[in-house]
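Examination of the molecular architecture
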Amino acid sequence: MKKINIAIDGPASSGKSTVAKILAKEYGYIYTDTGAMYRSVTYLAIQHQVDFEDEQQLVALIKRYPITFKQTETGQLIFVDGQDVTDAIRQPEVTNNVSIVSAHEKVRHELVRQQQKIAENGGVVMDGRDIGTVVLPKAEVKIFLVASVIERAERRFKENQSKGIATDFDTLKKEIEQRDYLDSNREVSPLKQAEDAVRIDTTGLSIEEVVAAIKAVVER
Ligand code: CDP
Ligand code: CDP
């Protein structure tokens, strides 16, 4: 069967990466977490003491330190300059600054180029904010996942609890709202649903139900 590209976009914690990973596994496709790429650049900026507003220096970091993904039995790892940053890029300092870094046009230009290269032969499930609108406008399947902010904060809260990370629910909710606001209101490639995307409200849906809904779209 012809390998297609599946684009999954949506706000923070709407379940994009969880369902994208499952779909990629089921179809034997490559999963690409584009958020991890923006997070990696933010992490590099912290490490190298580059100002989050310094677009030129951020681009220099991207050119100097290639971002690579590695598939393992236990999941996907992300490396920058040979260093495994899979866990480090989920730290609050990265999460709370990534939307500033991702708003720069030249930063996006560099990463979008890399993302398009990964998907050039099809067989990719890619999740992010602008996949259906900018990165893969010709993707055969486009999904836009949403859920109420309360439910999304609850999901992240439970996820943190299971990892033993102490978080305050209200702070988490505020951080999600703030990131959604910045991502939706930036000038370059804001978070928005592509006209031809299928919108799925996942509030109250289990992961299995969301996966089944997307598979129904793929098979159609
Ligand atoms: O997993 P979570 O929803 O927390 O976020 P993520 O997918 O890891 O993305 C982190 C941040 O990267 C987002 O809040 C956006 O600022 C940025 N991002 C983006 O601008 N464009 C993308 N295609 C993916 C992520
Ligand atoms: O990638 P994104 O930020 O959109 O979300 P995620 O990291 O895939 O999902 C955030 C959390 O919500 C994870 O702990 C998922 O297991 C959980 N989740 C859920 O409880 N129900 C869903 N329908 C989808 C995700």
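Residues numbered from 1 in each chain as written. Chains lettered and ligands numbered in written order. Predicted model: local features only at pLDDT ≥ 70, side-chain atom pairs only at ≥ 80, totals over all residues. Heavy atoms only, no water.

Moving on, we come to the site of ligand 2. Around ligand 2 there are 14 residues in total, and Ser13, Lys16, Ser17, Thr18 and Glu159 lie nearest to it. Side-chain polar atom of threonine 18 to an oxygen atom of ligand 2: 2.5 Å apart, as the coordinates give it. Side-chain polar atom of arginine 155 to a nitrogen atom of ligand 2: 3.5 Å apart, as the coordinates give it. Of all the secondary structure elements, the ones that give two or more residues to the shell around ligand 2 are α1 (16-27), α8 (149-162) and α10 (207-219). A per-class count over the shell around ligand 2 returns 4 nonpolar, 6 polar and 4 charged. (Near = heavy atom within 4 Å. Polar contact = N/O pair within 3.5 Å; in protein donor to acceptor, adjacent residues only side chain to side chain. Helix = DSSP H or I, 4+ residues; strand = E, 2+ residues; numbered from the N terminus. Nonpolar A, V, L, I, M, F, W, Y, C, P; charged D, E, K, R; others polar.)

With that out of the way, let us pick up the sheet that holds strand β6 (residues 124-128). Here 5 strands make up an open sheet; going across it, the order is β2-β6-β1-β7-β8 and the pairing parallel. Looking at which strands have only one partner, the edges of the open sheet turn out to be β2 (30-33) and β8 (198-201). When strand polarity is set aside, the average angle formed by the axes of neighbouring strands in this sheet is 20 degrees. In this structure, strand β1 (residues 5-9) lies alongside strand β7 (residues 141-146), joined through 4 bridges in parallel fashion. Bridging across to β7, aspartate 9 finds its partner in phenylalanine 144. Packed on one face of the sheet, α1 meets β1, β2, β6 and β7 and runs near 175 degrees to β6. Contacting β1, β7 and β8, α10 runs over the sheet at an angle of about 155 degrees to β7. (Pairing = 2+ DSSP bridges. Axes fitted to C-alpha atoms, helices over the stretch in contact; angles between N-to-C directions. Contact = heavy atoms within 4.5 Å.)

The next thing to look at is the layout of surface pockets. Quantified by volume, the second largest pocket comes out at close to 300 Å³. Surrounding the second largest pocket, Lys21, Ala24, Lys25, Tyr29, Ile30, Tyr31, Gln71, Thr72, Glu73, Thr74, Gly75 and Gln76 form its lining. Element by element, the count of residues in the lining of the second largest pocket is highest for α1, at 3 residues. The residue inventory of the lining of the second largest pocket, partitioned by class, reads 4 nonpolar, 5 polar and 3 charged. (1 Å grid on protein atoms, 1.4 Å probe; cavity = no way out; pocket = protein on both sides within 12 Å on 5 of 7 lines; lining within 4 Å. Points joined across faces, edges and corners; volume = space filled by probe spheres on them.)

Glancing now at the pairing of β7. Side-chain positions along a regular strand alternate between the two faces of the sheet. Most of β7 is tucked away, with 6 of its 6 residues classed as buried. Residues Val141, Ile143 and Leu145 line one face of β7 and the alternating positions Lys142, Phe144 and Val146 line the opposite face, and both faces are buried. (Buried < 20%, exposed > 50% of the residue type's maximum accessible area, 1.4 Å probe, protein only.)

Not every one of the 20 residues close to ligand 1 is listed here, only the nearest: Arg39, Arg108, Asp130, Arg179 and Asp183. The side chain of arginine 108 places a nitrogen or oxygen atom 2.7 Å from an oxygen atom of ligand 1. Note that a nitrogen atom of ligand 1 is positioned 3.1 Å from one of the backbone N or O atoms of arginine 129. Here ligand 1 has 530 Å² of accessible area as a free molecule, and 98% of this is covered by the chains. Elements that contribute at least two residues to the shell around ligand 1 include exactly α2 (34-47), α5 (98-101) and α9 (169-185). (Areas by Shrake-Rupley, 256 points an atom, 1.4 Å probe, with all protein chains shown as cover.)

Before going further, it helps to examine the nonpolar core. Residues Leu58, Val107 and Leu111 are the most contacted members of the largest nonpolar core, which totals 34 residues. Going through the elements one at a time, α2, α3 (55-64), β4 (75-80), α5, α6 (105-118), β6 and α7 (131-135) are the ones with two or more residues in this core. Of all the elements, α2 adds the most residues to this core, at 7 residues. Ala20, Val141, Ile143 and Ile200 belong to the second-largest nonpolar core, a separate cluster that totals 19 residues. (Core = buried A, V, L, I, M, F, W, Y, C linked by side-chain atoms within 4.5 Å.)

Here we take up the UniProt feature "binding site: ATP" (unreviewed entry) in the protein. According to UniProt, the "binding site: ATP" (unreviewed entry) feature falls on Gly10, Pro11, Ala12, Ser13, Ser14, Gly15, Lys16, Ser17 and Thr18. Positionally, proline 11 belongs in the loop between β1 and α1. Not counting residues up to four positions away in its chain, the partners in contact with proline 11 are Lys16, Arg129, Leu145, Val146, Arg152, Asp180 and Leu191. Within the secondary structure, alanine 12 is located in the loop between β1 and α1. Judged by its relative accessible area of 1%, alanine 12 is buried. Setting aside its immediate chain neighbours within four residues, alanine 12 contacts Arg129, Arg152, Ile176, Arg179 and Asp180. (UniProt positions renumbered as here; feature names shortened; annotations may be inferred.)

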